Amino acid sequence: MLELIKTQSRAPGECLIHIGDAEIVDLYPFLMEVTVDTAREAASEAVLKFETRRDLDGSWIVQDDDRIRPWKPLRIEAAFGDETEEVMRGYIRQIDVSFPEDTGGATVTLAVQDDSLALDRTARTEAWGAEGRTTDQAIVTDILSRNDLVPEGMPALGQTDLAVTQDDTDAAFLRKRAEVNGFELIYRRGAVYFGPRRLTAAPQATVKVYAGPDTTCLSFAVTDDGMKPDGVEYDVASAEGARTETRRLAPNLDALGPEPASSVAALDDGFVWKIRKEGESDAAKAETLAQEKANANAMKISGKGVLDGALYGHVLLTGLPVGVDGVGNRHSGIWYVDRVRHVFDTTGYRQEFELQRNAYGDNLPETGDPLARLRGVGT
C-alpha cells in the first residue's frame, strides 16, 4: 500500500478509513487515492479509489467484500502520530467498478456523502407552524432529532412566527431554511451546525507561509476584488402599498481585520448594487435575503493555497476562522475558511483551501518570539 498508510507506527498525515465500526486495514494495500471535498455551502463528498484483484476462486478482493456496499457508514480520519482528527463521515452513495482490457488496471471507486445523504431519501409534506406559529430553531431541532442527529450547539433562532410547508426531503428543506436566513448548514462529526458565519470563533492553527522551517503552506495567493459592492439596495412595498420604496443595506458582519475592505469610508457615497426582487413580498424576509447578499459581497478578499497536511498537523475545517502568517502586513491575519479539498495519495497528504476575508491588516496574536516572522526572509 501507499507509504502514507501503515498499520504500525503512524506517520504524520496518514489516512484512516472506517466502514461501520471497524478500520479496513486489510484493504489498505489496494487503496490508491482518497479525496474529500468540504464546503460551507454544499454537502461534503469523498472519493476513494482502490485497485482490485481476482482471487484464485474467481472472487474480487474489493468489490466482493461485504463491507463495500451502498449505504454503509464510512468515516475518514487523518492521523498525526498518535492523534487523529476526523476529515468527514457519511455513507457510501455509489460504487463504480471498472474492468479495462488490462486486468491489472481494474479499479473500484466509492463515492461518499456526509450525513445529509440519509436525510435526502424521502420527500415529506408537513405543515410547520399550522397549530401555532414556530421558529426555524424549533424546526431544525425536530428534524435533526427524528434523523438521530444532534445540533452543534443550539441552532440559531432564525425566523420567527413561521407557518411554512415542507414539500421536500429533510435535507433539501433544511438547506432552504438556511438560505432564507443567510445561515450556514454544516454536517460534521455527527452533528449539524445551523447558524450565521462564526467569524469570531477561536481561530484554527495558523497557516504559515515563508516561515523557514516552520512553514506549513506550500503556496498561497490573494485576490482583492474591487467589483464587489459595499452594500445593496432593494425594493419593498411602501406602507401605503401603492408604490415601492428603495432601501439600502450595508454588511453587518464582524470585521476580520482592523481595516474594513470597502471602496469608500461611508456607504452613502459608496459602491452599491441594486438587487432584483426574487418573489419575496414579505418585507422582513426580503431584508434578510438582501442582508445576506450584502454580507457575501463584503468578503471582497479571497485567498487560496495548499497546505502540507503532515507539517500543518491538523484537519482544516470549513466555516471557521484561521490565521494566515507570512504574507505581509496587509494580508496576514484572520481569514474565514470557505472550502477545503483533502487529498491523500502517494505524495502524502495535502489540503487545498479557499479562504475569505472582509478586512485588511495583521491581527494575529504575537507569538512571543520576535524572530518568528523573520525566519523565512530570503528563503
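Residues numbered from 1 in each chain as written. Predicted model: local features only at pLDDT ≥ 70, side-chain atom pairs only at ≥ 80, totals over all residues. Heavy atoms only, no water.

With an unreviewed UniProt entry as reference, the protein chain is termed Phage late control D family protein, source organism Dinoroseobacter shibae.

### Let's talk about the environment of Ala 46
With respect to the element layout, Ala 46 can be found in strand E4 (residues 42-51). We classify Ala 46 as buried; its relative accessible area is 2%. Taking the C-alpha atoms as reference points, Ala 46 and Ala 111, separated by 65 residues in sequence, lie 5.9 Å from one another. Not counting the four nearest positions on each side in its chain, Ala 46 is found in contact with Thr 35, Val 36, Ile 76, Met 88, Leu 110, Ala 111 and Val 112. (Helix = DSSP H or I, 4+ residues; strand = E, 2+ residues; numbered from the N terminus. Buried < 20%, exposed > 50% of the residue type's maximum accessible area, 1.4 Å probe, protein only. Contact = heavy atoms within 4.5 Å.)

### Considerations on the sheet that holds strand E18 (residues 272-274)
Taken in spatial order, the 3 strands of this open sheet run E16-E15-E18, and their pairing is mixed. One side of each edge strand has no neighbouring strand; the edge strands of this open sheet are strand E16 (244-249) and E18. Neighbour to neighbour, the strand axes of the sheet diverge by 30 degrees on average, direction disregarded. Across the sheet, helix H3 (residues 283-298) touches strand E15 (231-237), E16 and E18, and the angle it forms with E15 is around 170 degrees. (Pairing = 2+ DSSP bridges. Axes fitted to C-alpha atoms, helices over the stretch in contact; angles between N-to-C directions.)

### Digging into the sheet that holds strand E11 (residues 184-188)
Pairing is mixed in the open sheet, where 3 strands are placed in the order E9-E12-E11. Of all strands in the sheet, those bounded by a partner on one side alone are strand E9 (150-151) and E11. The pairing of E11 with strand E12 (residues 191-195) spans 5 bridges and is classified as antiparallel. Each bridged residue has a counterpart across the sheet, and for Arg 188 the counterpart in E12 is Ala 191.

### Things to note about helix H2 (residues 170-181)
Given a rise of 1.5 Å per residue, 12 residues ought to cover 16 Å, and the 17 Å separating the end C-alpha atoms of H2 matches this to within 8%. The complete set of buried residues in H2 reads Asp 170, Ala 171, Phe 173, Leu 174, Arg 175, Arg 177, Ala 178 and Asn 181. Just downstream of H2, Gly 182 is the residue with a positive phi angle, here 70 degrees. (Expected span 1.5 Å × (residues − 1).)

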